[in-house]
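Notes for the structure review
Letter by letter, the chains look like this.
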Amino acid sequence: MKTETVKIDTEFIRLQDLLKLSGLASTGGMAKIVIQNGEVCVNGEVCTMRGKKMRAGDSAEYDGIKVIVES
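No experiment lies behind these values; they were computed from the predicted model shown. (Residues numbered from 1 in each chain as written. Predicted model: local features only at pLDDT ≥ 70, side-chain atom pairs only at ≥ 80, totals over all residues. Heavy atoms only, no water.)

**Let's talk about the side chain of Ser 22**
Heads up, the rule is: Helix and strand assignments come from DSSP, with helices taken as H or I runs of at least 4 residues and strands as E runs of at least 2, each series counted from the N terminus. In the analysis that follows, any N or O atom pair within 3.5 Å is treated as a polar contact, provided that within protein one partner can donate a hydrogen and the other can accept it, and provided that, for residues neighboring in sequence, both atoms belong to side chains. Throughout, a residue-residue contact means that at least one pair of heavy atoms, one from each residue, lies within 4.5 Å.
Secondary-structure assignment places Ser 22 in helix 1 (residues 15-22). Of note is the side chain of Ser 22, whose polar atom sits 3.2 Å from the backbone oxygen of Leu 19. Look past the residues within four positions of Ser 22 in its chain and what remains in contact with it is Glu 4, Val 6 and Val 67.

**Looking at the nonpolar core**
We apply this condition: Each nonpolar core is a collection of buried residues, namely Ala, Val, Leu, Ile, Met, Phe, Trp, Tyr and Cys, held together in the definition by side-chain atoms within 4.5 Å. For the exposure calls, accessible area comes from a 1.4 Å probe over protein chains only, and a residue counts as buried if that area is under 20% of its type's maximum, exposed if over 50%, partly exposed in between.
Among the nonpolar cores identified, the biggest contains 20 residues, and Leu 15, Leu 18, Leu 19, Val 40 and Met 54 are the most heavily contacted of them. If you list the elements that add at least two residues to this core, you get helix 1, helix 2 (28-36), strand 6 (59-62) and strand 7 (65-70). In this structure, Leu 15 is in contact with Ile 35, Val 40, Val 42, Cys 47, Met 49, Arg 50, Lys 52, Met 54 and Ala 60, ignoring residues within four places of it in sequence.

Here you go:
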């Protein structure tokens, strides 16, 4: 599994925005669809909430790529 890191300057980033920022989703619409279809795991569990607040230390997995949030 490939692992990437995304650094944020704010307290949190929403899951759909994390997918777009990391390049895992090319558009917000694509992010919405893959999240609602249950294709994204947050901290090892399937998450269908696209507005899920991702904080430093959280991770999201999609399509064999893991993205870790850093502050």
